[in-house]
Protein chains: 2
Amino acid sequence: MSTVAESVGGAGDVVDLVRRAIHEGEFVPNQRLVEADLSVQFGASRAAVRTALVQLAAEGLVERVQNRGARVRAVSLAEAIEISEVRMVVEGLCAAKAAERATDDDLATLRAIAADMRDAVERGDVFGYSELNRRLHATVRAVAGQSVAAGVLDRLRGQNVRHQFRLALLPGRASVSLPQHLEIVEAICARDPGRAEAAMRAHLASVIETLPSVGGPSGA
Amino acid sequence: MSTVAESVGGAGDVVDLVRRAIHEGEFVPNQRLVEADLSVQFGASRAAVRTALVQLAAEGLVERVQNRGARVRAVSLAEAIEISEVRMVVEGLCAAKAAERATDDDLATLRAIAADMRDAVERGDVFGYSELNRRLHATVRAVAGQSVAAGVLDRLRGQNVRHQFRLALLPGRASVSLPQHLEIVEAICARDPGRAEAAMRAHLASVIETLPSVGGPSGA
DNA sequence: GCAAACAGAATTGTTGACAATCCTTGCGCC
DNA sequence: GGCGCAAGGATTGTCAACAATTCTGTTTGC
């Protein structure tokens, strides 16, 4: 019990609670999500839980089958690769747009992140590097100002957190991705959309190549 | 009354009815979707309608605000362009994958569509060409075998049908896009992923350029 | 004449109970 | 001993009624 905040005020935010529980790993892939159980765990009505599950199903985080209830959707390795392939091209688009639209302030922010990344790798701070990685990609998306692309990426990332997480912990991963990240920042700072897109795609292609070696936390 | 099939068996398929009504233009952008009204129009319970609206909101087709109900979401011209930009890169990915994976049968199908397109343009059959256009893109997606990309494209296309439709009716549009479509098919038949992606991107870039001239059916 | 407060209608949000469906368990039969 | 089968429990789907909120039109006071 009490693994996650229990009481919840209203109802509309049950989605966030369930989503976080899935992301944090409290609900593992293929685990059944019984409406009655969730409603007592989160202190919400069953209808609220039901609505949340419908919404999460549309987000691709849970699977719902008629009269059989909902379970946490397991994304196979093959699907994780497909997701990353789509991410590759969409983030490539964002990188190109970012190169076109970045203000001087944006460039300063990106350069700061790049510098911090260098430091983190030098210090061997894997967790800090992972966080900076997240922030770099988020900043590129924000600078690009493409809300549609951002929405697509959010959805895809949500389904993939598990694989992404494993990847970051792979020893030696940081030293491989660091130069790729630096090249992305450099290309954007040079305001060269083509180069920025190519750099982002090269980086994610490298991620895709590495994915199989982290195995399937949520096998077939 | 009786604008749309009224009686419906159960409830789960209310989403399809509402979705189609939006696509067919029966529900125009920004139109309010009152739960009670829909429930009598479709002969379903209010709870079923409510569930459908939650789902459609997650799909991005309707907008829901607390205590204020749902309305058909209006996609601005700017957003339509963003959607098409994302489509551009994702369909580009699909074209590349299709070039890699197409079987001889697939190529025959694509060539047949290309031939029919030529005929349709020659005959001045705008509607037939529009349908072939739809089928070409669908076939490329299917051949690519990328279910994740297909899902993303479905979602985006669903939000954009209105603009797409207007575009197809633009006089002289077909003669512009025909050579682009032929090049896409040729590139895939040559099993050249890079060329296929470039061709698809060029085609959609042309679509994006043309979008502003069809104006905003659902203004600001 | 205009702004603010007020009642009434319209609409959504929520709850609880009931019906339908599916899975499990135990029994009888071959 | 294995297999079909019915009863029971568990879980989801559905519904109708109630509570809460927002919107609309009117009235009142200045």
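It should be emphasised that the depicted structure is a prediction, and the values quoted were computed from it without experimental measurement.

Peer 1: What exactly am I supposed to notice about the protein's contact with DNA strand D here?
Peer 2: The environment of DNA strand D is made up of 15 residues, and the closest members are Arg46, Arg50 and Asn67 of chain A together with Ser45 and Arg68 of chain B. Taking the atoms of DNA strand D that fall within 4 Å of the protein, sugar and phosphate contribute 74% of them. Between DNA strand D and arginine 50 of chain A there is a distance of 2.6 Å, counted from a phosphate oxygen to a side-chain nitrogen or oxygen. At 3.3 Å from a sugar or linking oxygen of DNA strand D is found a side-chain nitrogen or oxygen belonging to asparagine 67 of chain B. Mapped by element, the contributors of at least two residues to the surface near DNA strand D are β1 (32–33) and α3 (46–59) of chain A. Of the residues contributing to the surface near DNA strand D, the split by class is three nonpolar, five polar and seven charged.

Peer 1: Is there a simple way to think about the relation of the copies chain B and chain A in this case?
Peer 2: In this structure, two copies of a chain are linked by a rotation about an axis accompanied by a shift along it. Aligned on chain A, chain B shows an RMSD of 0.1 Å; the corresponding rotation is 180° and the shift along the axis is 0.1 Å. Expressed as a symmetry operation, the mapping of one chain copy onto the other fits a two-fold axis. Here 100% of the contact residues of chain B are again contact residues in chain A; the copies associate through an equivalent surface.

Peer 1: Explanation requested: the protein's contact with DNA strand C in the structure shown.
Peer 2: Taken together, 16 residues sit near DNA strand C, with Ser45 and Arg68 of chain A together with Arg46, Arg50 and Asn67 of chain B positioned nearest. Protein-proximal atoms of DNA strand C, defined as those within 4 Å of the protein, fall in sugar or phosphate at a share of 73%. Within the backbone of asparagine 67 of chain B, one N or O atom sits 3.3 Å away from a phosphate oxygen of DNA strand C. Elements supplying a minimum of two residues to the surface near DNA strand C: α3 of chain A together with β1 (32–33) and α3 (46–59) of chain B. Split into classes, the residues belonging to the surface near DNA strand C amount to four nonpolar, five polar and seven charged.

Peer 1: Please clarify how a nonpolar patch on the surface should be interpreted in this entry.
Peer 2: Taken together, the side chains of Val126, Phe165 and Leu169 of chain A define a hydrophobic patch exposed on the protein surface, amounting to about 320 Å² of accessible area. Positionally, valine 126 of chain A belongs in helix α6 (residues 126–144).

Peer 1: Is there a simple way to think about the interface of chain B and chain A in this case?
Peer 2: By a frequent convention, interface size equals the accessible area lost on bringing the separate parts together. Counting residues at the interface gives 23 residues for chain B and 23 residues for chain A. Summed over both partners, the interface of chain B with chain A buries about 2,000 Å², with 65% contributed by carbon and sulfur atoms. The three residues of chain B that bury the most area against chain A are Glu82, Val86 and Val148 of chain B, which together make up 26% of that side's buried surface. Our enumeration of links across chain B and chain A arrives at four salt bridges.

Parameters and conventions
Residues numbered from 1 in each chain as written. Chains lettered and ligands numbered in written order. Predicted model: local features only at pLDDT ≥ 70, side-chain atom pairs only at ≥ 80, totals over all residues. Heavy atoms only, no water. Near = heavy atom within 4 Å. Polar contact = N/O pair within 3.5 Å; in protein donor to acceptor, adjacent residues only side chain to side chain. Helix = DSSP H or I, 4+ residues; strand = E, 2+ residues; numbered from the N terminus. Nonpolar A, V, L, I, M, F, W, Y, C, P; charged D, E, K, R; others polar. Least-squares fit on C-alpha atoms with pLDDT ≥ 70 in both. Contact = heavy atoms within 4.5 Å. Patch = residues over 30% accessible without salt bridge, like charges linked within 9 Å, V, L, I, M, F, W, Y side chains within 5 Å. Areas by Shrake-Rupley, 256 points an atom, 1.4 Å probe, with all protein chains shown as cover. Salt bridge = Lys/Arg side-chain N within 4 Å of Asp/Glu carboxyl O. Buried area = accessible area lost by both parts, 1.4 Å probe.

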